[in-house]
Amino acid sequence: MTRSAELYERARRVLVGGVNSPVRAMGPIGRDPLFIERAKGPYVWDADGARYVDYLATWGPAILGHAPPAVMRAIEAALPSGTSFGAPTEAEVRFAEAVASAMPSIEQLRMTSSGGEAVAGALRLARAATGRDVIVKTEGGYHGAIDGMLAAAGSGATTLGVPTSPGVPAGATAATRLVPFNDLAAAEAALDGAAAMIVEPVAGNMGVVAPADGYLAGLRAVCDRAGALLILDEVMTGFRVAHGGAQQRYGVQAHLTCLGKVIGGGLPVGAFGGPREIMRELAPEGPCYQAGTLSGNPLATAAGLAALGELADPAVYERLEATGAALEALIAGCGARVVVNRVGSMMTPFFQEGPVVDYASATRSDTEAYAAFARRLLEGGVYPPPSQYEAWFVSAAHGPEELAATGQALGAATA
Ligand SMILES: *Cc1c(COP(=O)(O)O)cnc(C)c1O
């Protein structure tokens, strides 16, 4: 029996399903999870000492690779000063300045401890600012494990076949209107009287699906016409698909932006922000309540600031783009019947002919074929996301050596 298997047995007694987040159990690819002991650069090591080239990237944050020296040093430097104050700090100011200077649509922001919390804050703020209730959401769009967004949500909710979760009261999603991703006309019709439209600018939680030409700019225009706010959920894409996120890559501006993942440098951080005239509705300046005991936590803020500092170098994004293209070519050429959707350093191989442009086409993928492929990659020392409907990420730490090892494992997985 492996150590992972032993630990999984113990874990299932005291943790539901043995995990703290559902897809980690690897159910969608039909195997038991690996327990991870440590991670460095492009690699993770399991409890049995086996090393894997990692494309999970802790579900997105590890854009610099695991345990990048600058982030580790920043955490070490912050540690002796204490772990939490529940009071303002200089580092939070510097963090907010760094985010605002990278994203022109953000003048002010509010930090949280997760992406889902940032989305919940942005939705409440959008309703408060417009005096309207309805939120338009895309099918297959994932915005965290929050009640109102668990209608046709992607990520674990897709692979686990839970379109709307039990426990979410009908009232919580009654004001959520669903439209297909990449369908501007449907969004325009649904926006009538709505507070906001929330969308992942590059869908990443139904697998990666790029926005069609003009889709995002079109959404901004129809939101403006409807008096609704465009909320771009850049929890995955922020500082990932470009320094200024999808807004920079596609030349569009959100009214409100949600961030998470990359901005925490691997520690729990989220944030939402926008122009001052909207943000001022939030308490303590305005009446819209939002709060968090550990929001702006000094260790998490230090890690995030250090990560943002490293990401200020444009060479990082050139490297991510090149490595992303190289991995895409390896997967597309490995002999499996796949179509690979990629935007920069995030991608998904779908097991079908394609094109994959929305949730309906994404869910036509042969998930059994993906599962077999992923299991064989793990046997070959490569760690892919354990579900068809999650994104693969390359990091700035992945190089020719890791790509060569991946090419070998891909060959064996499709032999
Ligand atoms: C991961 C993710 C979230 C949720 O973030 P958590 O930190 O897991 O709460 C929200 N939106 C998008 C687009 C995400 O990818």
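None of the values given here were measured: they were computed from a predicted structure.

We now examine the environment of Val134. Along the chain, Val134 turns up in the loop between helix 4 (115-130) and strand 5 (135-138). Remark: the alpha-carbon pair of Val134 and Thr173, spanning 39 residues in sequence, is separated by 9.3 Å. Not counting chain neighbours up to four residues away, the residues in contact with Val134 comprise Ala175, Arg177, Ala194, Ala195 and Ala196.

Glancing now at the domain arrangement of the chain. Partitioning the chain into structural domains gives domain 1 (3-67 + 314-326 + 340-410) and domain 2 (100-295). Computed from C-alpha atoms alone, the centre-to-centre distance between domain 1 and domain 2 is 25 Å. Counting residues at the interface gives 32 residues for domain 1 and 31 residues for domain 2. The largest share of the area that domain 1 buries against domain 2 comes from Val343, Met346 and Tyr359, three residues that together contribute 28% of it. Scanning the region where domain 1 abuts domain 2 turns up one salt bridge. Across the pair Arg249 and Glu321 runs a salt bridge, and its minimum N-O distance is 3.1 Å. The interface formed by domain 1 and domain 2 contains eight residue pairs in polar contact (both at pLDDT 80 or more). Of all elements in the fold, only helix 12 (314-332), strand 11 (339-343), strand 12 (346-350) and helix 13 (359-362) reach the threshold of two or more residues within the side of domain 1 that touches domain 2. At four residues, the largest contribution of residues to the side of domain 1 that touches domain 2 is made by strand 12.

Here the focus is the pattern of salt bridges. A complete count under the given rule lists nine salt bridges for this structure. A salt bridge links Glu188 to Arg225; the nearest nitrogen and oxygen atoms lie 3.2 Å apart. Of this pair, Glu188 sits in helix 7 (residues 184-190) while Arg225 sits in helix 8 (residues 215-226), and the two are 37 residues apart along the sequence. Assessed through its relative accessible area of 62%, Arg225 is described here as exposed. One salt bridge in this structure joins Asp224 and Arg220, with 3.0 Å as the shortest N-O distance. On the criterion of helical spacing, the pair formed by Asp224 and Arg220 is a turn pair, its members being four residues apart in helix 8. Here Arg220 falls in the partly exposed class, since its relative accessible area comes to 24%. What emerges from the salt-bridge pattern is a single network uniting Arg249, Glu321, Glu328 and Arg342.

Further remarks concern the site of the ligand. Looking at the ligand, the residues that line it are Ser114, Gly115, Gly116, Tyr142, His143, Gly144, Glu200, Asn205, Asp233, Val235, Met236 and Lys261. Separating an oxygen atom of the ligand from a backbone N or O atom of Gly116 is a distance of 2.7 Å. Grouping the amino acids of the shell around the ligand by side-chain chemistry returns three nonpolar, six polar and three charged.

The three strands are arranged 11-12-14 in an open sheet whose pairing can be described as antiparallel. Here the strands that pair on one side only, and so sit at the sheet edges, are strand 11 and strand 14 (392-393). Where strand 11 lies against strand 12, five bridges are found, and the strand directions are antiparallel. Within strand 12, the position partnered with Asn341 by the bridge is Thr348. Along the sheet, helix 12 makes contact with strand 11, strand 12 and strand 14, crossing strand 11 at roughly 175°.

Aromatic ring pairs are described here by two measures, namely the spacing of the ring centres and the angle between the planes. Following the criterion strictly, the structure yields nine aromatic pairs and no others. Ring centres of Phe181 and Tyr215 lie 5.4 Å apart, and the angle between their planes is 70°; on these two criteria the pair is classed as edge-to-face. Within this pair, whereas Phe181 is found in the loop between strand 6 (176-179) and helix 7, its partner Tyr215 is found in helix 8, the two being separated by 34 residues in sequence. A relative accessible area of 2% means that Phe181 is categorised as buried. Geometrically, the ring pair formed by Phe373 and Trp392 is tilted, given 6.4 Å between the ring centres and 40° between the ring planes.

Here we come to the state of the cysteines. Within this structure, the stated rule accounts for zero disulfides. Free of any disulfide, Cys258 has its nearest cysteine sulfur in Cys288, 13 Å distant. By relative accessible area, Cys258 is classed as buried at 0%.

All right, on to the packing of helix 12 against helix 15 (residues 400-414) then. Look at helix 12 against helix 15: their axes get within 10 Å of each other, and the N-to-C directions meet at 15°. Looking at the two axes, helix 12 sits roughly parallel to helix 15. Relative to helix 15, the crossing made by helix 12 is right-handed. Here helix 12 contributes Thr323, Ala326, Leu327, Leu330 and Ile331 to the contact with helix 15, which in turn contributes Leu403, Thr406, Gly407 and Leu410. Partitioning the contact of helix 12 with helix 15 into residue classes produces six nonpolar, three polar and no charged.

A few words on the pairing of strand 8 (residues 229-233). Among the five residues in strand 8, five count as buried, and that is most of the element. Here strand 8 shows a buried face lined by Leu229, Ile231 and Asp233 and a second buried face lined by Leu230 and Leu232. By the bridge criterion, four bridges tie strand 7 (residues 196-199) to strand 8 in an arrangement that is parallel. Bridge assignment links Ile198 to a residue of strand 8, and that residue is Ile231. Where strand 8 and strand 9 (residues 256-259) come together, three bridges link them in parallel fashion.

Cut-offs used in this document
- Residues numbered from 1 in each chain as written.
- Predicted model: local features only at pLDDT ≥ 70, side-chain atom pairs only at ≥ 80, totals over all residues.
- Heavy atoms only, no water.
- Helix = DSSP H or I, 4+ residues; strand = E, 2+ residues; numbered from the N terminus.
- Contact = heavy atoms within 4.5 Å.
- Domains from an automatic or database assignment.
- Buried area = accessible area lost by both parts, 1.4 Å probe.
- Salt bridge = Lys/Arg side-chain N within 4 Å of Asp/Glu carboxyl O.
- Polar contact = N/O pair within 3.5 Å; in protein donor to acceptor, adjacent residues only side chain to side chain.
- Buried < 20%, exposed > 50% of the residue type's maximum accessible area, 1.4 Å probe, protein only.
- Near = heavy atom within 4 Å.
- Nonpolar A, V, L, I, M, F, W, Y, C, P; charged D, E, K, R; others polar.
- Pairing = 2+ DSSP bridges.
- Axes fitted to C-alpha atoms, helices over the stretch in contact; angles between N-to-C directions.
- Phe/Tyr/Trp six-rings, centres within 6.5 Å; stacked < 30°, edge-to-face > 60°.
- Disulfide = S-S within 2.5 Å.
- Parallel < 35°, antiparallel > 145°, perpendicular 65-115°, else oblique.
- Left-handed = near helix turned anticlockwise from the far one by under 90°.

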